[in-house]
Amino acid sequence: MTVRIIPRLDIKGPNLVKGIHLEGLRVLGKPEAFARHYYENGADELLCIDVVASLYGRNSLLDLVERTASEIFIPLCVGGGLRSLDDIRQVLRAGADKVTLNTAALNNPLFIQDAAETFGSSTIVIAIEAIRQPSGHYECFTDSGREATGVDVFEWAAKAEALGAGELLVTSVDREGTGRGFDVHLIKVIAEAASIPVIAHGGAGTIDHVVEAVMKGEADAVALASLFHYEALNSITFDEADFGTEGNLEFRKRGVGFSKIDATPLPRVKEAMSDAGIYVRPVE
Amino acid sequence: MMSRSAQVAIIDHSLGNLYSVRQACKHVGLTAAITADPTEVNGAEALILPGVGAFGDAMRTLRDRDLVSVIRSFAATGKPTIGVCLGLQLFMEGSEEFGEHEGLGLIPGNVHRFFSRAESRQISERLPRVPQVGWNTIHRSKTIGCRNDPWRFTPLENLPDGTFMYFVHSYYVLPRSETDILGTTTYEGFTYCSVAGRGNILGVQFHPERSGEKGLSVYGHIAEKLRGGSTNV
């Protein structure tokens, strides 16, 4: 089975953003341009997360999903604030193939079962935001790692699977955006116990980290944001009109990247994985 | 009131992402409608039965909407009748999913689940993931028969062996007649039928509308054939 590379796009309104540790959100540009760039460069799927996830933010997201799904013919997984079967239905009708759930599932685990029965297990991806505690346990968080839940990650992963989740998207909130590498232990424990696919996310700074997530962490798929976005920025031609007036645009104008993360083209990641003996779909 | 049907009728059984199938059709220049209306279906030049989800639920919806006989008689006209993912499974005679369910019976054979937990322990230490989610390769089957290329005259005919397509499924089809097995895929060491069909009926286990440009070319081929006026699939 090929290991999937899934670029992750965090969306705020009409913009692609990236959360940076201790810095807030940077606006990187128009999501559609990034989506197309990744599609043309070997992305196996796309993951779009609405980081605002409020009631009035959804239209922007739905528009984006519709536009993306009409031009980009790889699977699209969408999440961020989906709380009801209707929310899920809306997103699927707009063109998404799968949805991710976090808060709503933790608040009411049976929602996973409902959603899986209504839309099919394979449509339901449970997103787990994990923060390592001093005790060595991992706790589930919501709201981009801001709200603690007291729920143990490994127990939750098993429960989500039992309730009908089709896949698990596991994010190390500690590592995300830092470029320090994935939390391999976190991924491995979940992957070994699960019989559904596990997507690793959070921390990649180099190609070696991605290889490690698969070889040591046993991830079935890897979601990447920082590693790709800065390279994409250098490759995509943007108009000034692509940027709205919001967000942290300064860094974009300065033309710098992020020092702890190698700006890496997707095909290069696949090449390295292949060299390491990992089966990946070749870039067309 | 429609004055003429869309070229392609995509059967609406409410399951799975019907919209991406329609998008793919539009992208290659086909008019396509997601419909449960028998008149609209009958007037179309090709029928696509898509879907992701449970066999039993889908058949129940098809029965409730009186679409079972509509699909069967469409197939009997000789016009292209195409099943995608769950759609292929529904073409079979039955499925073992959650008990016994009767299918459309367009292709003799049944639907089975990948790897029971008992089997999986023997195959490898790590549990094979079910559903299979991701990209895998499709290959022409080498069957007994006078055909040299089982994909000739199908929408797959221009694709090389080993083309990657996107799969997401927990069940696979096992056609009873070897000549109905047109293509195979191997997952976790297990080789199963991923393309099945006979005559104007073709089913694919993968999602061509989610398989990039190669997948889109499958829809493109259908469009070309309809433009050419041919009734071969």
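Below you will find a few notes about this structure. (Residues numbered from 1 in each chain as written. Chains lettered and ligands numbered in written order. Predicted model: local features only at pLDDT ≥ 70, side-chain atom pairs only at ≥ 80, totals over all residues. Heavy atoms only, no water.)

Describing the nonpolar core
Looking at soluble globular proteins, one finds that nonpolar side chains tend to be buried together.
Point 1. Counting residues in hydrophobic clusters, the biggest one holds 127 residues, and the most contacted among them are A:Ile126, A:Leu168 and A:Met273.
Point 2. Top element by residues in this core is helix α7 (residues 212–228) of chain B. It accounts for six residues.
Point 3. With residues near it in sequence (within four places) discarded, A:Ile126 still touches A:Leu101, A:Ala105, A:Ile112, A:Trp156, A:Ala160, A:Ala165, A:Glu167, A:Leu168 and A:Leu169.
Point 4. In terms of nonpolar packing, the next biggest core, distinct from the first, is built from 32 residues, B:Ile11, B:Leu67, B:Ile107 and B:Ile201 among them. (Core = buried A, V, L, I, M, F, W, Y, C linked by side-chain atoms within 4.5 Å. Buried < 20%, exposed > 50% of the residue type's maximum accessible area, 1.4 Å probe, protein only. Helix = DSSP H or I, 4+ residues; strand = E, 2+ residues; numbered from the N terminus. Contact = heavy atoms within 4.5 Å.)

Re helix α1 (residues 18–27) of chain B
Point 1. Taking burial as the measure, the 10 residues of α1(B) include seven buried ones, the bulk of the element.
Point 2. All of the buried residues along α1(B) are B:Leu18, B:Tyr19, B:Ser20, B:Val21, B:Gln23, B:Ala24 and B:Cys25.
Point 3. Structurally, α1(B) contributes buried residues whose contacts are with α2 (58–71) and α3 (85–94) of chain A together with β1 (8–11), β2 (32–35), β3 (46–49) and α7 of chain B.
Point 4. Following α1(B) by one or two positions, B:Gly29 adopts a phi angle in the positive range, close to 90°.

Observations regarding the pattern of salt bridges
Residue and element names in this part refer to chain A.
Point 1. Under the counting rule described, the total for this entry stands at 26 salt bridges over all chains.
Point 2. Here Glu40 and Arg36 are joined by a salt bridge, their closest N and O atoms 2.8 Å apart. Within this pair, Glu40 and its partner Arg36 are both found in helix α1 (residues 31–40), separated by four residues, close to a single helical turn.
Point 3. Three or more residues joined by partner-sharing salt bridges are found here, namely Arg4, Glu45, Lys98 and Glu167. (Salt bridge = Lys/Arg side-chain N within 4 Å of Asp/Glu carboxyl O.)

Quick look at the environment of B:Val68
Residues and elements named next belong to chain B.
Point 1. On the secondary structure map, Val68 appears in helix α4 (residues 68–77).
Point 2. On the basis of relative accessibility, which here comes to 13%, the residue Val68 falls in the buried class.
Point 3. Spatially, the C-alpha atom of Val68 lies 8.9 Å from that of Gly103, the residues being 35 residues apart in sequence.
Point 4. The contact partners of Val68, leaving out residues within four places of it in the chain, are Met59, Leu62, Arg63 and Leu104.

Observations regarding the interface of chain A and chain B
Point 1. Each side of the interface is counted separately: chain A has 38 residues, and chain B has 33 residues.
Point 2. When the two sides are added together, the surface that chain A and chain B hide from each other amounts to roughly 2,800 Å², 53% of it contributed by carbon and sulfur.
Point 3. Ranking the residues of chain A by area buried against chain B places A:Met1, A:Phe73 and A:Ser195 at the top, with a combined share of 25%.
Point 4. Summed over the shared surface of chain A and chain B, the result is two salt bridges.
Point 5. In this structure, A:Asp220 engages B:Arg129 in a salt bridge whose closest nitrogen and oxygen atoms are separated by 3.1 Å.
Point 6. For the pair chain A and chain B, the interface holds 16 residue pairs in polar contact (both at pLDDT 80 or more).
Point 7. Among the elements of the structure, α2, α3 and α5 (110–119) of chain A are those that each provide at least two residues to the side of chain A that touches chain B. (Buried area = accessible area lost by both parts, 1.4 Å probe. Polar contact = N/O pair within 3.5 Å; in protein donor to acceptor, adjacent residues only side chain to side chain.)

A few points about the environment of B:Glu188
Residues and elements named next belong to chain B.
Point 1. For Glu188, the location among the structural elements is in the loop between β11 (181–187) and β12 (190–198).
Point 2. With a relative accessible area of 27%, Glu188 lands in the partly exposed category.
Point 3. Remark: the alpha-carbon pair of Glu188 and Arg129, spanning 59 residues in sequence, is separated by 8.8 Å.

Considering the side chain of B:Asn136
Point 1. Assignment of secondary structure puts B:Asn136 in strand β8 (residues 132–140).
Point 2. A distance of 2.9 Å separates a polar atom in the side chain of B:Asn136 from a polar atom in the side chain of B:Gln132.
Point 3. Sequence-distant contacts of B:Asn136, defined by excluding residues within four places in its chain, comprise A:Met1, B:Thr163, B:Phe164, B:Met165, B:Phe167, B:Thr185, B:Thr186 and B:Tyr187.

Digging into the packing of aromatic side chains
Point 1. A full pass over the atoms with the stated rule returns 16 aromatic pairs over all chains.
Point 2. On the basis of an interplanar angle of 50° and a centroid distance of 6.4 Å, the ring pair of A:Phe34 and A:Tyr38 is categorised as tilted. Taken together, the residues A:Phe34 and A:Tyr38, both in helix α1 and four residues apart, mark about one turn of the helix. We note that A:Phe34, like A:Tyr38, is buried.
Point 3. Ring centres of B:Trp135 and B:Tyr166 lie 5.8 Å apart, and the angle between their planes is 75°; on these two criteria the pair is classed as edge-to-face. In this pair, B:Trp135 is assigned in strand β8 and B:Tyr166 in strand β9 (residues 163–169), connecting sequence segments 31 residues apart.
Point 4. Residue B:Trp135 is classed as buried on the basis of its relative accessible area of 0%.
Point 5. Among the aromatic residues, those joined into a ring-pair cluster are B:Phe114, B:Phe115, B:Phe167, B:Tyr172, B:Tyr187, B:Phe190, B:Tyr192 and B:Phe206.
Point 6. The residue whose ring lies beneath A:Arg281 is B:Trp135, and the NZ or CZ to ring-centre distance is 3.6 Å. (Phe/Tyr/Trp six-rings, centres within 6.5 Å; stacked < 30°, edge-to-face > 60°. Lys NZ or Arg CZ within 6 Å of the ring centre and 35° of its normal.)

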